[in-house]
Amino acid sequence: MKIFSRILLCFLSLWLTSAPLMAGPLDKAKAAFTKGDFKKASSLAGKAGKKLKSKSEKAEALALAGAATVKMGKAGKGKAKFVKALKLDPNVSLPTEASGDKKVEKAFASAQKKAGTKVSDGDSGKSSDKLTKTASKGDRSPGNIKNYLPFGLNSYMQGKTLTAVAFGAAQAGGLLLFLNRKQAASDADKDAKAVIADAEANSATEEPAFLQFLDDNDAFVKKANSEASMALLITMAGYGLSVVDSLFDPLGTSKSASVEHPSNQAYANLGSGSDSRIDKSWKFDLQIIPSRESGLLLSMKQEF
């Protein structure tokens with residue numbers, strides 16, 4: 001039990017602290033673009049595109065490189081990179097960091113026309129909204145196995161980071177508490193057996209101190225098992241709620257997440273001329289740290 005608990009603790013700690021790694025190799029390029037260092041952004045995005053494996057990720061890197069190139073005054077080269085990106089992934093969109101820039105949008109629209117991926121949205125952008133809702137609905141379909149992933153991964157796959165942290169913490173914390181309480185009950189039973197064997201060897205099974213020990217130990221084991229059952233219930237409830245949220249979205253969080261998440265952003269940006277930007281300044285670092293007392297210490301760090 002102890003070995004299993006340690007393995008699970010290591011796994012959960014790795015998962016909870018892996019958010020910065022999951023962001024991908026484009027972070028530095030996007031940060032450089034936001035700061036206005038377009039030459040560095042183009043170079044970093046190009047290097048990231050060579051390292052990334054999937055076509056959609058390579059296309060995203062090329063789109064960022066193209067936007068940075070256009071911002072440097074090289075519209076022709078930027079358009080060429082956009083065309084390459086669109087050929088890799090017809091649904092690739094402009095990076096949010098470049099949204100609202102007329103020169104970049106003009107070059108991208110020209111590249112879409114050349115690549116044959118331009119989607120007409122009319123004058124009101126209703127087609128874009130329809131595509132966004134369709135993509136979101138497809139992500140929440142009952143047949144999508146990603147909606148049943150544990151520890152908040154299902155919510156994360158839909159781009160709902162805060163919801164993923166909440167559900168993941170409930171499941172991970174409940175499971176760790178369950179293992180801790182079951183281990184405590186098991187250790188108490190072992191101690192009781194050792195004390196009983198010693199009392200029998202010394203003919204002290206009728207002494208008040210021994211009988212009191214048995215009563216106290218029995219009460220502790222019952223309490224520990226009760227707490228373990230409650231912790232397991234929390235884990236199951238956290239998982240159940242995460243599945244319900246992934247399938248039905250009762251809180252309505254997927255409306256904004258469908259735009260923020262990379263897999264759906266392509267649909268949301270089609271036909272959109274909005275100048276809105278997505279604020280990515282909030283980052284959370286959730287850690288599970290062994291404490292000196294019995295149990296675990298759960299800490300959260302917020303950066304601005």
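This is a predicted model, so every value here is computed, not measured.

Chemist: What's the story with a nonpolar patch on the surface in this structure? I'm lost.
Modeler: A cluster of nonpolar side chains, namely Ile-145, Tyr-148 and Tyr-239, defines an oily patch on the protein surface of about 300 Å² accessible area. Mapping Ile-145 onto the fold places it in the loop between α8 (126-139) and α9 (153-157). Classification of Ile-145 as exposed rests on a relative accessible area of 65%.

Chemist: Hey, could you run me through the environment of Met-157 in this one?
Modeler: Looking at where Met-157 falls in the secondary structure, it is placed in helix α9. A relative accessible area of 33% means that Met-157 is categorised as partly exposed. Remark: the alpha-carbon pair of Met-157 and Lys-146, spanning 11 residues in sequence, is separated by 7.2 Å.

Chemist: Help me understand helix α5 (residues 55-71), please; the structure alone is not making it clear to me.
Modeler: Residues three or four positions apart in an α-helix share a direction because the helix packs 3.6 residues into each turn. Compared with the 24 Å implied by 1.5 Å per residue over 17 residues, the 24 Å span of α5 between its first and last C-alpha is a close match. Every buried residue of α5 is listed here: Ala-59, Ala-61, Ala-63, Leu-64, Ala-65, Gly-66, Ala-67, Ala-68, Thr-69 and Val-70. Check the buried side of α5 and you find it contacts α3 (27-35), α4 (38-51), α6 (75-88) and α7 (102-115). Looking one or two places after α5, you find Gly-73, whose phi comes out positive at around 90 degrees.

Chemist: Explain the confidence of the model for the protein here, please?
Modeler: Close inspection of predicted coordinates is inappropriate for parts of the model with low pLDDT. On average, the protein scores 76 in pLDDT, and the residues at 70 or more come to 67%. Contacts from residues 18-23, a stretch scored under 50 in pLDDT, to residues over four places away or in other chains number 3 contacts. In the model, residues 258-286 has pLDDT below 50 throughout and makes 75 contacts with residues more than four positions away in sequence or in other chains.

Rules used in this analysis
- Residues numbered from 1 in each chain as written.
- Predicted model: local features only at pLDDT ≥ 70, side-chain atom pairs only at ≥ 80, totals over all residues.
- Heavy atoms only, no water.
- Patch = residues over 30% accessible without salt bridge, like charges linked within 9 Å, V, L, I, M, F, W, Y side chains within 5 Å.
- Areas by Shrake-Rupley, 256 points an atom, 1.4 Å probe, with all protein chains shown as cover.
- Salt bridge = Lys/Arg side-chain N within 4 Å of Asp/Glu carboxyl O.
- Helix = DSSP H or I, 4+ residues; strand = E, 2+ residues; numbered from the N terminus.
- Buried < 20%, exposed > 50% of the residue type's maximum accessible area, 1.4 Å probe, protein only.
- Expected span 1.5 Å × (residues − 1).
- Contact = heavy atoms within 4.5 Å.
- pLDDT = per-residue confidence, 0-100.

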